[in-house]
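Read off the chains here:
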Amino acid sequence: MKNRLNRSQVYYLVILLVLGLGLFLRIFMQQPRGLRHLAQSHDLEIGTAVSSWQLDDPEFIRRLLHDFSLITPENEMKFEVLQPAPGRYDFSGADKIVAFAENHGLHVRGHTLVWTNQLPEWLITGDYSREELLSILQRYIQDVVGRYRGRIQYWDVVNEALSPDGDIATNNFWMQRIGPDYIAYAFQWAHEADPNAMLFYNESYAEGKSLKSDGVITLVMELQEKGIPIDGIGFEMHTGLGWSPDPLEVAENMQRLRKLSMVVHVTEMDVRIVEPATNDDLDQQAKVYGEILQTCLEALNCSSFATWGMTDDHSWIPYVYPDSGSALIFFGNYEPKPAYYSMRDILEGK
Ligand code: G3I
């Protein structure tokens with residue numbers, strides 16, 4: 001009895017609770033919603049490339065989970081990393097990324113099963129016959145896709161296999177050693193290893209109208225004629241100020257792929273700027289990101305939009321093009337850039 005509240009105490013307690021709830025709702029409602037949440041109403045994934053060590057940084061994780069629903073290992077699912085010696089696998093980085101995604105409800109894009117870059121030395125220099133290479137590749141795809149069966153939603157099965165003229169590139173390890181069939185084999189084996197994963201052909205600089213984007217169409221048609229399973233095309237979208245693809249051409253390209261029942265994912269977008277980037281440059285860059293996002297939203301078959309790294313400090317650009325950088329949507333300190341706000345406005349329908 002002694003501990004019972006009297007009437008005025010109850011009265012004050014109720015008022016406090018109501019005020020507290022009001023304050024909570026006010027703060028909660030004012031919290032800007034991240035890109036991933038805004039994109040949900042458009043059935044769109046927002047993705048970025050990551051490295052496993054970045055997932056130890058609380059600041060990185062906070063920003064990642066606020067804005068992204070899909071992650072792609074930037075390097076840790078490439079052949080040279082996964083199989084550094086014949087038959088010996090190292091899944092440590094890849095496992096960490098997939099486990100992180102599962103624990104936080106993110107999707108994963110597996111990148112990339114068959115590419116001519118980042119192959120291990122033992123494979124390039126080994127004296128293997130065509131038959132032996134086919135069996136190495138089959139085993140590799142079975143092992144890697146099989147390991148993550150049901151846990152990786154999208155695979156970049158074959159990466160950058162075409163030359164600028166739209167033909168299958170001949171300056172390519174797999175083409176030289178196996179021949180053009182390596183592409184069909186790879187899709188078939190990936191499908192067998194995980195029939196539910198969506199399988200993509202991922203290409204660079206083939207987003208607008210060009211011989212190369214015509215080549216992508218031809219490739220899809222040829223695979224389909226042979227009954228080879230393929231679900232979509234990755235538009236890498238590495239661009240720069242002054243030379244980004246015409247959004248109308250990108251839209252047209254998405255549409256002709258839709259006629260072939262292909263889904264399109266923007267897989268690696270960045271817009272590089274010759275340094276030092278001015279405020280005007282950043283505004284121009286925002287326009288490019290906005291145009292491509294808008295084009296993807298308007299296309300009926302574009303369901304994912306990913307950048308190649310999260311902040312300007314995580315970008316490959318300055319390593320390869322030392323005079324350029326500032327290519328992503330966050331500054332190195334995780335502060336959003338104009339490009340971020342442009343994407344947010346578009347997702348909000350502004
Ligand atoms: O990990 C080693 C390190 O041990 C070594 O000391 C250092 C010395 O150069 O190299 C490190 O490896 C580098 C690796 O990135 C990890 O940082 C490689 O040299 C470097 O070549 C590699 O670059 C990657 C590039 O693919 C290779 O082709 C980039 O990070 C990665 O962003 C880039 O991604 C590609 C996509 O996979 C496909 N589309 C194009 C895109 C951009 O090139």
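See the structure above.
Residues numbered from 1 in each chain as written. Predicted model: local features only at pLDDT ≥ 70, side-chain atom pairs only at ≥ 80, totals over all residues. Heavy atoms only, no water.

Colleague: Teacher, can you tell me more about the side chain of His111 here?
Modeller: Within the secondary structure, His111 is located in strand S3 (residues 107-114). Look at His111 and you get buried, because its relative accessible area is 1%. Here the side chain of His111 touches Asp156 through a polar contact of 2.9 Å, side chain to side chain. With near-sequence residues (within four places) excluded, His111 lies in contact with Thr72, Pro73, Glu74, Met77, Lys78, Trp155, Asp156, Asn159, Asn202, Glu268 and Trp308. (Helix = DSSP H or I, 4+ residues; strand = E, 2+ residues; numbered from the N terminus. Buried < 20%, exposed > 50% of the residue type's maximum accessible area, 1.4 Å probe, protein only. Polar contact = N/O pair within 3.5 Å; in protein donor to acceptor, adjacent residues only side chain to side chain. Contact = heavy atoms within 4.5 Å.)

Colleague: In this structure, what is going on with the environment of Gly208? I would like to understand it.
Modeller: Along the chain, Gly208 turns up in the loop between strand S5 (198-203) and helix H10 (211-225). When near neighbours in sequence (up to four residues on either side) are disregarded, Gly208 contacts Ser213, Pro245, Glu249 and Asn253.

Colleague: Would you take a moment to explain the site of the ligand for this structure?
Modeller: In the vicinity of the ligand there are 14 residues, among which Glu74, Lys78, His111, Glu160 and Glu268 approach most closely. Between the ligand and His111 there is a distance of 2.7 Å, counted from an oxygen atom to a side-chain nitrogen or oxygen. One of the side-chain nitrogen or oxygen atoms of Glu236 is found 3.2 Å away from a nitrogen atom of the ligand. Burial of the ligand by the protein chains amounts to 48% of its free accessible area of 790 Å². Residue composition of the shell around the ligand, grouped by class: three nonpolar, six polar and five charged. (Near = heavy atom within 4 Å. Areas by Shrake-Rupley, 256 points an atom, 1.4 Å probe, with all protein chains shown as cover. Nonpolar A, V, L, I, M, F, W, Y, C, P; charged D, E, K, R; others polar.)

Colleague: Any chance you could explain the packing of helix H11 (residues 247-259) against helix H12 (residues 279-298) here in plain terms?
Modeller: The relative placement of two packed helices comes down to the angle between their axes together with the axis-to-axis distance. Running from amino to carboxyl end, H11 crosses H12 at an angle of 25 degrees, the nearest separation of the two axes being 10 Å. As the angle between them shows, H11 and H12 are arranged roughly parallel. When you trace H11 past H12, the crossing you get is right-handed. Note on element contacts: H12 touches H11 through Glu291, Ile292, Thr295 and Cys296, opposite Pro247, Val250, Ala251 and Met254. When the residues that make up the contact of H11 with H12 are grouped by side-chain class, the tally is six nonpolar, one polar and one charged. (Axes fitted to C-alpha atoms, helices over the stretch in contact; angles between N-to-C directions. Parallel < 35°, antiparallel > 145°, perpendicular 65-115°, else oblique. Left-handed = near helix turned anticlockwise from the far one by under 90°.)

Colleague: Hey, could you run me through the packing of aromatic side chains in this one?
Modeller: A complete count under the given rule lists 16 aromatic pairs for this structure. Here Tyr89 and Tyr140 contribute two aromatic rings whose centre-to-centre distance is 6.4 Å and whose plane-to-plane angle is 20 degrees, an arrangement assigned as stacked. Here Tyr89, found in the loop between helix H4 (79-82) and helix H5 (92-104), pairs with Tyr140, found in helix H7 (residues 130-147); they are 51 residues apart in sequence, far enough to count as distant. The partly exposed category is assigned to Tyr89, whose relative accessible area is 24%. An angle of 70 degrees between the planes, with centres 5.9 Å apart, marks the rings of Trp316 and Tyr321 as edge-to-face. Among the aromatic side chains, those forming a connected cluster through ring pairs are Phe79, Tyr89, Phe91, Trp122, Tyr128, Tyr140, Tyr148, Phe173 and Trp174. A cation over an aromatic ring shows up here: Arg272 above the ring of Tyr321, its NZ or CZ 3.8 Å from the ring centre. (Phe/Tyr/Trp six-rings, centres within 6.5 Å; stacked < 30°, edge-to-face > 60°. Lys NZ or Arg CZ within 6 Å of the ring centre and 35° of its normal.)

Limitation: the analysis is restricted to geometry and does not speak to function.
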